[in-house]
Structure formats: C-alpha cells, structure tokens
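One-letter residues, chain by chain:
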Amino acid sequence: MVFFYIFEEILQDFYKFLRFWYKDSVKFIFDEYVKSFSIIEKNFSIRLNLKNFFKPLYGLRSIETYFYAIPFRIILIFISLILHILNTLIFLTILIFWCLLPFLSISLFKKT
Amino acid sequence: MEKIFYYPQLYLSTFQKNIYRILINSIRIFIVVLALSFLILIKEFPFNFIGFWILIVYAFYIFKFRKEGLKNLKTEDSKNIADYFTYSTKELIFEVFRKTELTNDYTKSQFILLSELLDKSEIKKLLNRVNLNVLDIKKQLNNIIPEIERFENIDIKESLNNLIFKNLEPIIFRAYELAKEFNFSYVSLSCLFLALIEKCNPILNEFFNKNNITTENIKPSILFEYFKNKFIKDKIQPHSSFLDFIPRRRWLNRTWTTSPTPFLDKIGIDLTYFAEKGELGFIIGHKKEIEQITAKLKREENLNIALVGREGSGRSTIVYHLAYLIVKDLVPEKYFDNRIIQINLAELYAGDPVEFQTNVNFILTEAVHSGNVILYFPEFHQILLSPIYSPIWPLIYQYLKSGNISIITSFTPDGFSKSNSLFNLDKIFEVIEIEELNEEEAITLLTLEGIIYEKQYKIIISPQAITKAVILAKKFLGHKPLPESARDLIKEAIGFAKSVNMKILTEEIIGDTFSKLTGIPVKAPLSAEKYILENLEDIIHQRIVDQEYAVKEVARVLRMYRSGIEKRKGPIATFLFVGPTGVGKTELAKVLAKIYFGGEDRIIRLDMVEFQNLEDIEKLIGSEDGKITGILTEEVLKNPYSLILLDEFEKAHPQILNLFLPIFDEGYIKDGIGRTVDFSNTLIICTSNALSDYIKEEIEKGKTTEMIAPIIRDKLSEVFRIELLNRFSGIIIFRALTIEDVKKITDILIRDINGMLMQKFGCTIELKDGAKDKIIELGYNPIYGARELNRTIEREILGPLSEFILKEQIKRGGKIIVDYKDKFIFEIL
C-alpha cells in the first residue's frame, strides 16, 4: 500500500509537469496571441478602416485628402493583414515549438 | 454534489506513515541524483535526455507545484476536495495525523495542527503582519499541549485515525470554503490556519483570544499577502503582458481621420497617454458614477460632464479611469482613439486678458478640429467665479452650444452651486455627483496602496492599521472625504513610525498619530484620564463653586461616553443649562472643554441672539447656492470633536430651533449644499436665562434645585417646544450665587493669578479681607451674578500689578500683599 501511494505521488509530480507544459502554457500562449491580435487591431483596425474608407485624411475636407484617403486606407488594411498573418505565424511557430520541444530536444541530446 | 475529503495516505497505520514519510522524500532525492548522474556522468542518449527533463520536472516541483493542488478550484470540478489542497497543505495534514497518532490522543490533533502551521513561513508572515510574535506563541503552545488532559484512551489504531479525522474534518472543510470565498485557486496553508481559528475547540479558542489571533486580524492579512503577490501585477498596472508594448501616443487615430494638435500637446496633459503607459486608470468603487458616464457614452452624445464632488472624492480618478477605458477600447466605437487632455486654464493666464482669450480660443479650435479630443478642465469653478478668468466663459459656452466639442469639468459642491446660480450649468453639462467611497471601498483601495507604500517606505503595514485609519477618518475627519482623509493619516503615521524606527505600522501607531494630529483621544482611557473621569466632580469643583446638581449630571454623562457605553445616535450629550446670568453656565462649559476636549479652543461658541430671524438659518448651515458658508456646519466639519456652546438658546427663531431636532436626535444634519455634517462626537450645551427670576425666588424660599427641577421643566415648555426639550440628555438648573459662593469664586480667581505669577515671575500675591470684600462689592451684582468679577480683578489688581512688573519692582521669590483702605494698597515684599 505504501509503495502504491509513493508511486502515485511520484506520478503526480510528472502529471503536474505535463499539465503545466501542455495545458497551462498553451493557454498562456493563446492568451498572448489574443492580446497581440488586439494590439494590431488597435493600431491598424481593418474593420474601422473599411468603415471609414471614404473619409478624408486628418479630418481635412479637401480634394487632396479625399484623393489620398482611399489608397492610404488600402495600404493600412494591407499592413494590418500582413501583421495579422505574421502574428499568427509567429504564435503558431511558438506553440508548435513549445509542444514539440521535449521531443525536439532528443536530437540535441543525441548530438551531445 | 456532496463533497468528500479523501486522502488515502491518512489511513495508513502509524508505522506505514513513518515509512511513507521517509521513503517519499528519499525516492524524490534519489530520482534527482539519478537524473544528475545521467546528465553529468553518463552523458549519452537517452540518459542525458531523461536526466535533463527529470531535473526540469523537479525544479518546477520545488518552485511551483508544491504550492498547487491537483485541480484548480476556479476552473475544475471534483468531488474530492483533497484535489484542491496544495501539496504542502496535504503534507502538513499528513504530518498532523502522524504526530497525533504517536501521542495516542486524538484530542491533541488541533494543537499539533497549530504547532505545525506556526512553523511555516506563510503563517509566520501573516502573524508578523499583525505584529504578533510567533516564537512567543509557539512557546506558549508547547507549554499547554502536555497539560491537555486526554479525553479517553484509544487502543485500536483505526479508530484513533477516524477520531483524528472527525476532529479535523470541520477545519478541513472550512478551509475549502474559505479558499472558495477568497476566490483562490487552491486551498493553501493560510486558509487552513484561518479555518482552525474559526472551528477550533474551546481550549484553543481561548488560547487564540488570549494571543489576539482572531479572524478579524488574520483574514485581512491573508488577503493582503495574496494581493501583494498578485494584484499589483494584474490590476494596478493594466499592462502586465510581456507582449504589451507601449506605443508612442499620437494625435493620429487608427483610421487617420484626426488632425494634429500642437498647441494642446504643448500645454495639456494627455491622460490617455499615461493610461496607455499603465500609470493611471485604476479605480475602486464609484460604480454608480462610471455607469452614468458609460450610459452617456452609449447615447452617443457629446461628453459634456460636470463632476461635482469634494476635494479628494475621486473626481480626477474617474476621468483617469475613463482614459483607461478609451485606451482599452472599452467604450462605444465613436470614442475609440479619443484623447482626454487635461488643461489647467488658470496656468495659461500670464497677465494679459487678450492673450488668455486667444489661447483658450486656440485650445477649443484645436480640440474641435482634431476630432478626437475630450478636454478636461479640473476645478472649473475657479475659472467661472474669478473676475480674471471668467470672461472666457462666453467663448467656451459658444463652443459647447455648437455641439462639436466634448468637455469634462470638475467642481466642488459649493463651487458648483455658486457657478450654477450664475451660469445655469446644469442645462449645459450632465451633472454627476461624486460620492465619497464607503468604508469598505476605502479599505480595499488603501490596502492596495499600502502594498505600494510598503515598497516605497520599507515598512510592513498591518491591515488593521488601514481599517483603523479609515474608521477614524470617517468618524472624525469629515471635512475631507474618504479615502483622502484616511490616506493622509496613514502617511503621517508612516512618517511617525519611521522616525522611531518601527518596522510595522500597527493600529496603535495610527491611533497615536491621530490623537497627536487632532487632540482627540481614541485609545481606551489611560490611567491619567481614568483618574480625571473618576474624579470629574472634584476637578470641576476646582473651578466651579457649588452647582452640585449640574456638575453631577454632566459628569455622569461624560463617564458613560468614555467608558464605551456610547449612545447609538446623536451627540455625546446635549444639555440645556438654565439659570440666571453670571452663575457659571458658560464657565462650566469652558471647564468641560478644557478638561475633556483638551482646551477652550475646542469650543464652537454661537450667540443665538444673532439668529432671531428666519433668514439667519443660512448663517448657521449655509445657503443652497453656496454663497453663504454655515458657521455651525463649517466649524463642525473642521472640528468634529468639539464642545458646541449655544448661548441664549431661547432667543433664536423657533424655526432655527427646529433645526436642532435632527441634530439632537440623529446626530447629523445636511448643510445648505447637501453635505452631511456629523455631530456624533460633539457635546452640545445650550444656555438659557429663561425662568431666572422664578429660580431665584424659589431658591430664596429654601427649595433645592432638585425640588424645583420638574416644575422648571414644565415651565420651560412655554419657552421651548416639548419635542426639543425631550431631546436634551439633561436640563440642568443653575441656582443664583450667594455672597459665600462669590467669595469662593474670588478665591479661585486669585489662586489662578497666583499660579500664573509663580510660573512667570516666581512671586505670589495675597489679598487681605478688605481687598477681597471690595473686589466682591465691585464685581458682584445680584442681577448679573459674578460676570463682572473677572473684569474687576483685571482692572483693580492685574492692572497695577503689570505696572510693578514693568518697573521691575517685583523680584523672584517676592510677595505682593493687597489691602483696601479707600483705595487698593499694594505692598511689595
């Protein structure tokens, strides 16, 4: 009985580690992804740029500001899209790397 | 789902428990050593790989997992509450079982639990915070454990095990409930400790009480420690994520529709920039006000708001929080990327009114053109009510009327009343009244600020100190709102504690600091004060001659108040002193102020003759528009612990007398501009000369004051309303003075002069009978009593005496003998 409980306790140490690595940490990475997503939205919001697509730049109602507004917003939306894609890619990489790290380290230890 | 506590290791036999305890730790150490040897010695795959990861696991075990349970109380559900207990808590319970079994007496389990808890650093921190000495407590506990008598002998081990569990079960379950109450993720040692305090046996309960270990003490300490570790990171600084970079605050919004604001950037403070940096925006309380602002935002109107509240009530904090909401996009879309810019208009004035107007015009034009600026003008009444600044109002009004600008302003209540009566502001701004924080909110806020002060001043702040500061500030420092008043007190107390090298700010230090600052005694009566209270009549009689009935009644009420048998509502006491003029009514009030409130400067004295007309009510409590300040209310707000002396009370207008009904009854009144003025720490003495002739006649007929008291009371109903008379704690009758009384008063006055002369010039004065009789003859009048006595002594004795002093005719150790033969004769020895 004693040995069974000891075995169970030691297993729990490893269970907690796995829970931390694959549950808590993944959740943390995902939360950070959501935060960075909102930071990009805060600076280059696709939705708001589409909504204000035809509004003049700098609040100035002149031919120039109306003229430049559309290409400018297209650029902003484009930058935003790029950033979102990059952001997603970076986080996916981190996530995959984190999950595979224990296995990836095999090759590292093999070499040394 | 019915919860159980199932931790199977507890049901092992004592021998098995001992084996288990030794083996579990040995095996862990063995695994770590093995892993190290794999990594360092063998160095070959897969040993190095396994060794490395095992070491990682155990590093996490030491620094993280021991403080965690198997399941998270917030997110995971389990029937077995043992899953929520942290590993160290379960380990401790296991140890308690093991050690109790060794004593073979289950009744000791709770004592052993306490003993084990006291060894843990987590619990030591809690006790240190409330200024309790852990070593001392442990020593006392170790002394009482062997003395505890065994309830019964248990021979069968399994039964003993069950009995221990039954003994600890309520504590374990309470610990689980507490962790849920506190919204903790796991059941920690602190929860177990608090549960033990709440659910312990009577002997331990007595032990806790004796050592001042109470739920009230420990609960805030637990939360303080918890917040210290967590809250500061999560809540005070809105940006806690490592990915949250701080973008440079620009005038440009995300859709590039706003224009630059160079002038505003130069002269204003961009609150949204600071909110973005995480330096402001944190708020506690003010839910109602935030809801009002949010509702206005949702209506998509311009944000023209007047925040009306006392200084320190949190007007700016609300604006800062709004800036934070904007930064976090927690406002309607119209306000995304808006900037709140704070401008102190008075600072713009450099002596030239035209330049000032131009600058204000620049501000408003830029704000309108930018399209995303909300202006915040704090203390706007200072602008509107100043002849220098107020000419800019038509300009601002013009912009407000156009509907293109959003302006937030803040006012004090009287500032708003005055400004509103001039400019009809309530039609332009939505008025939001800022209420001061309630005590609970103030405690929460100051607890969090306390964490910052701890770091800043390197001192431990006990939660009780914060609670005490808030209670005292609320009760006595009504002229400032919470939390400002309590914050000031805490800062003063920190300064005091640091100056005497104290490491913990306790509630005693708060009390001492408060007493020093205000002169209000907040501690339980000390021996000196106890002496005063016990001998109050004698002490009063050192200054007041006879008037036994009055003195006794007043002393009785004061003793009741300081002994803690405090009245629930109303002032400390309200007395009506009735009697002829010059018999000692005012003198008794002065004596009370001196011996009880610490000095005659604690008297708020009003001559009610000045309030004979109904309009005079404004002089007393202030006018609704704030133009007239109430003498009574303002003084009480500043000095809530005072003696209020209302001379010639009967002469005030009847409607003004009615004003005192709620004061006598409830202990508070609203002033002209709606502030609640608390009278609960005042002693109110109203004096009246009504029925003086009747009292004099009856006393001359040989009746005592006690005998005529009921008749006087009846007769007073012709002067005052019955409702008012019924609300006095006592109607005290003063009889007219006899010649004998006046002689005694003269002796008292001469004694006072002697004291003063001895202290300042080291000499004394003696009045021969002839001089004394002449003084009484000149100073006493059957109609005006002893009122002239003081002035006669000043004129006839002190006047010539001062001349001798100036001429240096009086030497130290000298004596002046005064006699009267046609005139006062002074002999200097």
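From a predicted model like this one, the values you see are computed outputs, not experimental measurements. (Residues numbered from 1 in each chain as written. Chains lettered and ligands numbered in written order. Predicted model: local features only at pLDDT ≥ 70, side-chain atom pairs only at ≥ 80, totals over all residues. Heavy atoms only, no water.)

Q: Looking at this model, I keep getting lost on the overall build of chain B. Mind explaining?
A: Counting its regular elements, chain B contains 37 helices and 18 strands. Across its three principal axes, chain B shows a C-alpha extent of roughly 125 × 85 × 60 Å. By the burial criterion, 52% of the 829 residues in chain B qualify as buried. Long-range contacts, defined here as pairs at least 24 residues apart, represent 74% of the contacts in chain B between residues at least 6 apart. Within the structure as shown, chain B displays about 38700 Å² of accessible surface, and the carbon and sulfur contribution to it stands at 53%. Side-chain charges in chain B split into 108 positive and 113 negative, and the spacing between the mean points of these groups amounts to 5 Å. (Helix = DSSP H or I, 4+ residues; strand = E, 2+ residues; numbered from the N terminus. Buried < 20%, exposed > 50% of the residue type's maximum accessible area, 1.4 Å probe, protein only. Contact = heavy atoms within 4.5 Å. Areas by Shrake-Rupley, 256 points an atom, 1.4 Å probe, with all protein chains shown as cover. Lys, Arg positive; Asp, Glu negative; His and termini not counted. Charge placed at Lys NZ, Arg CZ, Asp CG, Glu CD.)

Q: Please explain the overall build of chain A as it appears in this structure.
A: Looking only at helices and strands, one finds three helices and zero strands in chain A. From first element to last, N terminus to C terminus, chain A shows the α and β order α-α-α. Rg of the C-alpha trace for chain A: 24 Å, well past the compact-globule value of 13 Å for 112 residues, more than 25% over. C-alpha atoms of chain A, sized along the principal axes, occupy 85 × 35 × 15 Å. Within chain A, the fraction of its 112 residues that count as buried is 38%. By sequence separation, contacts in chain A at least 24 residues apart represent 67% of the contacts at least 6 residues apart. As displayed, chain A offers around 7200 Å² of accessible surface, 80% of which is attributable to carbon and sulfur atoms. Counting 13 positive and 8 negative side-chain charges, chain A places the centres of these two groups 11 Å from one another. (Rg over C-alpha atoms; globule rule 2.2 N^0.38 Å.)

Q: Could you clarify how one ought to interpret the interface of chain A and chain B in this entry?
A: Note on interface size: it is often stated as the accessible area lost on association of the parts. On the chain B side, the residues contacting the 46 residues of chain A number 56 residues. Regarding the contact of chain A and chain B, the summed buried area is about 4500 Å², with carbon and sulfur atoms giving 66% of it. Considering only the surface of chain A that becomes buried against chain B, Lys42, Tyr58 and Phe109 of chain A emerge as the three largest contributors, covering 16% of it. Summed over the shared surface of chain A and chain B, the result is seven salt bridges. The partner of Arg19 of chain A in a salt bridge is Glu68 of chain B, and the shortest N-O contact between them spans 3.7 Å. (Buried area = accessible area lost by both parts, 1.4 Å probe. Salt bridge = Lys/Arg side-chain N within 4 Å of Asp/Glu carboxyl O.)

Q: What should I look at first to understand the side chain of Ser386 of chain B in this one?
A: Residue and element names in this part refer to chain B. Along the chain, the position of Ser386 falls in the loop between α17 (381–384) and α18 (393–402). Exposure remark for Ser386: the relative accessible area of 12% places this residue in the buried category. Here the side chain of Ser386 touches Ile388 through a polar contact of 3.1 Å, landing on its backbone nitrogen. (Polar contact = N/O pair within 3.5 Å; in protein donor to acceptor, adjacent residues only side chain to side chain.)

Q: Would you mind going over the domain arrangement of chain B with me for this structure?
A: The domain boundaries assigned to chain B delineate domain 1 (10–229), domain 2 (262–433), domain 3 (439–518), domain 4 (527–733) and domain 5 (739–828). Distance from the C-alpha centre of domain 1 of chain B to the C-alpha centre of domain 5 of chain B: 79 Å. (Domains from an automatic or database assignment.)

Q: What's the story with the packing of aromatic side chains in this structure? I'm lost.
A: The description of an aromatic ring pair uses the distance of the two centres, along with the angle that the planes make with each other. One pass over the full model with this rule turns up 53 aromatic pairs over all chains. Arranged with centres 5.9 Å apart and planes meeting at 75°, the rings of Phe109 of chain A and Phe49 of chain B form a pair that is edge-to-face. On the criterion of chain membership, the pair formed by Phe109 of chain A in helix α3 (residues 63–111) and Phe49 of chain B in helix α2 (residues 47–63) is interchain, its members lying in two chains. Overall, Phe49 of chain B belongs to the buried group, its relative accessible area being 17%. (Phe/Tyr/Trp six-rings, centres within 6.5 Å; stacked < 30°, edge-to-face > 60°.)

Q: Explain the state of the cysteines here, please?
A: The bond known as a disulfide is covalent and runs between the sulfur atoms of two cysteines. All names here are of chain B. Under the counting rule described, the total for this entry stands at zero disulfides over all chains. Free of any disulfide, Cys191 has its nearest cysteine sulfur in Cys200, 17 Å distant. Given the relative accessible area of 0%, Cys191 is considered buried. (Disulfide = S-S within 2.5 Å.)

Q: Got a minute to help me understand the pairing of strand β14 (residues 683–688) of chain B in this structure?
A: The two faces of a sheet get side chains in turn, since along a regular strand they alternate between them. All names here are of chain B. Counted residue by residue, β14 has six buried out of six residues, so it is predominantly covered. The side-chain alternation of β14 yields two buried faces, one formed by Leu683, Ile685 and Thr687 and the other by Ile684, Cys686 and Ser688. Note that strand β9 (residues 573–578) and β14 share six bridges and pair parallel. Bridging from a neighbouring strand, Thr574 pairs with Ile684 of β14. (Pairing = 2+ DSSP bridges.)

Q: Honestly, helix α6 (residues 134–144) of chain B in this entry has me stumped. Any pointers?
A: At 3.6 residues per turn, the α-helix brings residues three or four places apart onto the same side. Residues and elements named next belong to chain B. Turning to α6, its buried residues number three or more, namely Val134, Ile137, Lys138 and Leu141. Projected down its long axis, α6 shows its buried positions confined to an angular sector of 100°, all on one face. Every exposed residue of α6 that faces more than 90 degrees away from the buried side is listed here: Leu135 and Lys139. On its buried side, α6 packs onto α4 (109–118), α5 (121–129) and α9 (202–210). Of the residues that open α6, the one with a side-chain oxygen 3.1 Å from the backbone nitrogen of Leu135 is Asn133. (Arc of directions from axis to C-beta.)

Q: Hey, could you run me through the sheet that holds strand β5 (residues 406–411) of chain B in this one?
A: All names here are of chain B. Strand order in this open sheet of six strands is β1-β3-β4-β5-β2-β6, and the pairing throughout is mixed. Where the open sheet ends on each side, the last strands, each with one partner, are β1 (269–270) and β6 (430–433). With four bridges joining them, strand β4 (residues 373–377) and β5 adopt parallel strand pairing. Bridge pairing links Leu375 to Ile407 in β5. Where helix α13 (residues 287–298) meets the sheet, it contacts β2 (305–308) and β6, and its direction lies at approximately 160° from that of β6. (Axes fitted to C-alpha atoms, helices over the stretch in contact; angles between N-to-C directions.)

Q: Would you mind showing me how to read the side chain of Thr258 of chain B here?
A: Counting through the fold element by element, Thr258 of chain B comes out in the loop between α10 (215–236) and α11 (262–267). Given a relative accessible area of 2%, Thr258 of chain B falls into the buried group. Within the structure, the side chain of Thr258 of chain B is placed 3.1 Å from the backbone nitrogen of Asn253 of chain B, a separation counted as a polar contact. When near neighbours in sequence (up to four residues on either side) are disregarded, Thr258 of chain B contacts Tyr58 and Gly59 of chain A together with Trp251, Leu252, Asn253, Ser370, Gly371 and Asn372 of chain B.

Q: Help me out: how do you make sense of the packing of helix α1 (residues 2–43) of chain A against α2 of chain B in this one?
A: When two helices pack together, you describe them by how their axes are tilted relative to each other and by the distance separating the axes. Between α1 of chain A and α2 of chain B, the least distance of the axes is 10 Å, while the angle of their chain directions is 90°. By the angle between their directions, the pair α1 of chain A and α2 of chain B is classed as roughly perpendicular. When α1 of chain A is examined against α2 of chain B, the residues Ile10, Asp13, Phe14, Phe17, Phe20 and Trp21 of chain A are found in contact with a partner set consisting of Trp53, Ile54, Ile56, Val57, Tyr58, Phe60 and Tyr61 of chain B. Classifying every residue of the contact of α1 of chain A with α2 of chain B gives 12 nonpolar, no polar and one charged. (Parallel < 35°, antiparallel > 145°, perpendicular 65-115°, else oblique. Nonpolar A, V, L, I, M, F, W, Y, C, P; charged D, E, K, R; others polar.)

Q: How do you make sense of the sheet that holds strand β11 (residues 643–647) of chain B when you look at a structure like this?
A: Strand pairing in a sheet relies on backbone hydrogen bonds. The paired strands run either parallel or antiparallel. All names here are of chain B. One open sheet holds the five strands; their spatial order is β10-β11-β14-β9-β15, and the pairing between them is parallel. Across the chains shown, the open sheet's two edge strands, defined by having one partner strand only, are β10 (603–607) and β15 (730–733). Strand after strand, the sheet turns through a mean of 20° between neighbouring axes, direction not considered. As defined by bridge partners, β9 adjoins β15 across four bridges and the pair is classed as parallel. Paired with Phe575 across the bridge in β15 is Gly730. Here helix α29 (residues 631–638) sits on the sheet in contact with β10 and β11, set at roughly 175° to β10.

Q: Teacher, can you tell me more about the nonpolar core here?
A: Generally speaking, nonpolar side chains in soluble globular proteins are found buried as a group. If you look at the biggest cluster of nonpolar residues, it comprises 86 residues, and the most contacted ones within it are Leu505, Leu643 and Ile765 of chain B. Top element by residues in this core is helix α21 (residues 463–476) of chain B. It accounts for seven residues. Beyond its immediate chain neighbours, meaning those up to four positions away, Leu505 of chain B contacts Ile459, Ile460, Ile461, Ser462, Ala465, Ile490, Ala493, Ile494, Ala497 and Ile510 of chain B. Of all hydrophobic cores here, the second largest spans 79 residues; its members include Phe20 of chain A together with Ile112, Leu141 and Leu160 of chain B. (Core = buried A, V, L, I, M, F, W, Y, C linked by side-chain atoms within 4.5 Å.)

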